[in-house]
Amino acid sequence: MPEGDTVYALARRLDAALRDRVLTRGELRVPAHATDDLTGRTIQAHATHGKHLLTRLSGDLTLHTHLRMSGSWTVSNTGRWLPRTVMPDVRVVLRTDGPAAYGVSLPVVDLVPTSREVEVIGHLGPDPLRKDWDAAEAASRLRADPDRPLVAALLDQRCVAGFGNLWANELCFLRGHSPWTPVSDVDVVALLDLGARALRHSATVAGAMQVTTGHRRKGDRHWVAGRAGRPCLRCGTAVRVIDEIPNDPERRRTWWCPACQPGPT
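All figures in this text were calculated on a predicted structure; none of them were measured in a lab. The written sequence of each chain sets the order in which its residues are numbered from 1. Given that this is a predicted model, residues contribute local features only at a pLDDT of at least 70 and side-chain atom pairs are listed and counted only at 80 or more, while totals for whole chains, interfaces and linings are drawn from all residues. Hydrogens and waters are ignored; side-chain quantities use all the structure's heavy atoms.

1. Quick look at the overall build of the chain
No. 1: By definition, any uninterrupted DSSP run of H or I lasting at least four residues is a helix, any uninterrupted run of E lasting at least two residues is a strand, and each is numbered from the N terminus. Helix and strand counts for the chain stand at six helices and ten strands.
No. 2: C-alpha atoms define the radius of gyration, and 2.2 Å times the number of residues to the power 0.38 defines the globule rule. For 265 residues, the compact-globule estimate of 2.2 N^0.38 gives 18 Å, and the chain sits close to it at 20 Å.
No. 3: Counting only C-alpha atoms, the chain reaches 60 × 35 × 35 Å along its principal axes.
No. 4: Between buried and exposed lies partly exposed: a residue is buried under 20% and exposed over 50% of the maximum accessible area for its type, with that area taken using a 1.4 Å probe on protein chains only. Each of the 265 residues in the chain was classed as buried or not, and the buried ones make up 51%.
No. 5: Partitioning the intrachain contacts of the chain with sequence separation of at least 6 by distance along the chain shows that 59% fall at a separation of at least 24.
No. 6: Taking the average location of the 35 positive side-chain charges in the chain and that of its 29 negative ones, the two points are 7 Å from each other. Only heavy atoms matter for contacts: two residues are in contact if any of them lie within 4.5 Å across the pair. In this tally, Asp and Glu contribute negative charge and Lys and Arg positive charge; neither His nor the terminal groups of the chain are included. Each charge is placed at NZ for Lys, CZ for Arg, CG for Asp and CD for Glu.

This is how it looks when you write it as structure tokens:
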């Protein structure tokens, strides 16, 4: 699933192509908005909150989308269309007299007044990639359930918006905690400081996207995520994994090094 840094980078790419351009064709190919026509509106900005993308249009209107597991966006050059084989999966068409953007297989496509964006993102916790990042509020939300396993708290977008499964696992490793360490046993301030800096670096530095080890070689980009059965890059112990539990957002696939991350298992 895309995480806050990937959605932030996507917003910057869409902004570079479409900001301040007038839509010559704006379609939402979902039942709830099949009759809504965005043609003639100006794309004013793309903003994010956690994993949510907000495309702000003239006339106090925001297109709210979420990629979840299946969605993606494609930007095409002036006059170009996507291949015919892809078009049946397109859910959003944003064409201008220059570049165009297509939202493909998007599971969430909504229209809300820009002045009421809180209706779709108000439940989210602070986002390290936003200017209104509030580390103290994020720490308070994480500490609200002191017995909760650390990895579950990090995955809860109501606590901090933007950390997905990769970052939750990598931050547990980098701070030396078992993923199931109770939040009460964690230096939450230090954890959030590291997480915020890491997410910003990933989202804004060329070539750094979700490279947590500093090495861009395939297989060496992450400390534990995706490395089940392989030797820990720090100590050589085999990295372990527990599969996710279906329909349980707190029990996604979890990787850890039992030597570098002592504690509950």
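2. Remarks on helix α6 (residues 188–204)
No. 1: The span expected for a helix works out to 1.5 Å for each residue beyond the first. Here α6 spans 24 Å end to end across 17 residues, near enough to the 24 Å set by a 1.5 Å rise per residue.
No. 2: Buried residues along α6 sit against α1 (4–18), α3 (135–143), α4 (150–155) and α5 (165–174).

3. Some details on the packing of α3 against α6
No. 1: Between N-to-C directions, angles cover 0 to 180 degrees, with each direction set by a line fitted to C-alpha atoms, over the stretch in contact for helices. Two elements in contact, α3 and α6, have axes whose closest approach is 10 Å; the angle formed by their N-to-C orientations is 125 degrees. In terms of orientation, α3 and α6 fall into the oblique class. For the crossing formed where α3 meets α6, the hand is right-handed. Side by side, α3 and α6 meet where Ala-135, Ala-138, Ala-139, Leu-142 and Arg-143 of the first sit next to Val-188, Val-189 and Leu-192 of the second.
No. 2: Following the grouping adopted for this structure description, the nonpolar residues are Ala, Val, Leu, Ile, Met, Phe, Trp, Tyr, Cys and Pro, the charged ones are Asp, Glu, Lys and Arg, and the polar ones are all others, Gly among them. When grouped by side-chain class, the residues that make up the contact of α3 with α6 number seven nonpolar, no polar and one charged. An angle below 35 degrees is treated as roughly parallel, one above 145 as roughly antiparallel, one from 65 to 115 as roughly perpendicular, and anything else as oblique. It is the rotation of the near helix from the far one that decides the hand of a crossing: anticlockwise by less than a right angle makes it left-handed, clockwise makes it right-handed.

4. Regarding the packing of aromatic side chains
No. 1: Between 30 and 60 degrees the pair is tilted, below 30 it is stacked and above 60 it is edge-to-face, where a pair is any two Phe, Tyr or Trp rings, Trp via its six-membered ring, whose centres lie within 6.5 Å. Counted according to the given criterion, the structure contains three aromatic pairs.
No. 2: The interplanar angle of 45 degrees and the centroid separation of 6.0 Å between the aromatic rings of Trp-81 and Tyr-102 together place this pair among those described as tilted. Taken together, the positions of Trp-81 in the loop between β5 (72–76) and β6 (90–95) and Tyr-102 in strand β7 (residues 100–104) put the pair 21 residues apart, joining distant regions of the chain.
No. 3: Residue Tyr-102 is classed as buried on the basis of its relative accessible area of 0%.
No. 4: Ring centres of Trp-180 and Trp-256 lie 4.9 Å apart, and the angle between their planes is 90 degrees; this geometry places the pair in the edge-to-face category. Residue Trp-180 is found in the loop between α5 and α6, and its partner Trp-256 is found in strand β10 (residues 254–256); the two are separated by 76 residues along the sequence. This pair shows no difference in class: Trp-180 is buried, exactly as Trp-256 is.
No. 5: The lysine or arginine in question, Arg-95, covers the ring of Trp-81, its NZ or CZ lying 4.0 Å from the ring centre.
No. 6: Two conditions define a charge sitting above a ring: the NZ of Lys or the CZ of Arg must be within 6 Å of the ring centre, and it must be within 35 degrees of the ring normal. Directly above the aromatic system of Trp-223 lies the positively charged group of Arg-234, at a separation of 5.2 Å from the ring centroid.

None of the figures reported here should be taken as evidence of function without further support.
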